[in-house]
Amino acid sequence: FQAAFTLLLGPFTFFNVQKTKYLQIMTSLMRWIAFILMIILALIRISRGQAEGHPSMAQLSGIRNLFGVCVYSFMCQHSLPSLITPISKKKHVNKLVLLDYILILAFYSLLSFTAIYCFRNDTLMDMYTLNFTNCEIINVAFIRYFLGLFPVFTISTNFPIIAVTLRNNWKTLFHREGGTYPWVVDRIVFPAITLIPPVLVAFCTHDLESLVGITGAYAGNGIQYLIPAFLAYCSRKDTQLVFGSGTVNKHLSPFRHTFWIVFVLIWGFSCFVFVTANIVLSEPKL
């Protein structure tokens, strides 16, 4: 299955993925259907008195995996530039984005809370949709197969888009002023270093919980906190140089003070230390 996935979707890394409008619409529609189905099925099971979950108030050992989950939640910002740029009148764009994120938060909260009360902690699978492939949960075969294959559908559409984005980021990172890359480097090397690492990681491990926890603890910390903070600082400095210090941006963020950048950097470093200590204490074999 991994070989089939690599052979079918891997070649997209070597080309450009454009005009993904209908692909994104289909993916969004499938996400909505899957989310709503899982929430409704869990609520039905809870209402019938078949709920098995008795979650504890807090579990500090789960902090590491919480970072991993936050990273994938944070990925909803991946499409923000392409969504905001085409909007000609950006007067109400802040309200629209706020409404969008409130809706995302509501769905994540509903999905999470119905899950932890519907299923026991030791029976919850790393891939939540697989909990609904059991005939005892739902006896409609089509729904079971749809939810079971849902991760395949979403990854199949997201992987080429994210891979092409990463490939272009590699090119930008190693860009030389006034120079161009040889054809082999441009069309073979950059796509290869984008495609091969995830394939190797998928081949070496199937422990999704540990994988999400480790990547979230370190890469996620940089993606969510450190890189955005540095980008915000550098972009503000660049804006002052280009437009002058007296220019007023009517779209300024409420968190425009430098204090918030420093706060995020301190928070990111604290999270790095905390998660590292948690990994060392919870995994003595490391």
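Above this text sits the structure in question.
What comes next concerns the included structure. Values in this document were obtained by computation on a predicted structure and should not be read as measured data. (Residues numbered from 1 in each chain as written. Predicted model: local features only at pLDDT ≥ 70, side-chain atom pairs only at ≥ 80, totals over all residues. Heavy atoms only, no water.)

## Some words on the overall build of the protein
Which entries qualify depends on this criterion: Here a helix means four or more residues in a row that DSSP labels H or I, a strand means two or more in a row labelled E, and each is numbered from the N terminus. Three labels apply to residues, based on accessible area from a 1.4 Å probe with only protein chains included: buried if under 20% of the type maximum, exposed if over 50%, partly exposed otherwise in between. In this analysis, two residues are considered to be in contact whenever any of their non-hydrogen atoms come within 4.5 Å of each other. Method for areas: the Shrake-Rupley scheme with a 1.4 Å probe, in which residue coverage is limited to the protein chains shown. The sign given to each residue is positive for Lys and Arg and negative for Asp and Glu; His and the chain ends receive no count. Taken as the charge location is NZ of Lys, CZ of Arg, CG of Asp or CD of Glu.
Scanning the protein for helices and strands turns up nine helices and zero strands. Projecting the C-alpha coordinates of the protein onto the three principal axes gives extents of approximately 65 × 50 × 45 Å. Here the protein holds 286 residues, and the buried ones make up 23% of them. Within the protein, residue pairs in contact and separated by at least 24 positions form 77% of the contacts whose partners lie at least 6 positions apart. About 20100 Å² of surface is accessible on the protein, with carbon and sulfur atoms providing 71% of the total. Of the charged side chains in the protein, 21 are positive and 11 negative; the average position of the first set lies 15 Å away from that of the second.

## Quick look at the environment of Asn169
With respect to the helices and strands, the residue Asn169 is situated in helix H6 (residues 141–173). We classify Asn169 as partly exposed; its relative accessible area is 45%. It is 27 Å that separates the C-alpha atoms of Asn169 and Asp100, two residues lying 69 residues apart in sequence.

## Topic: the environment of Phe5
Within the fold, Phe5 resides in helix H1 (residues 2–9). C-alpha of Phe5 to C-alpha of Phe272: the two residues are 267 residues apart in sequence and 33 Å apart in space.

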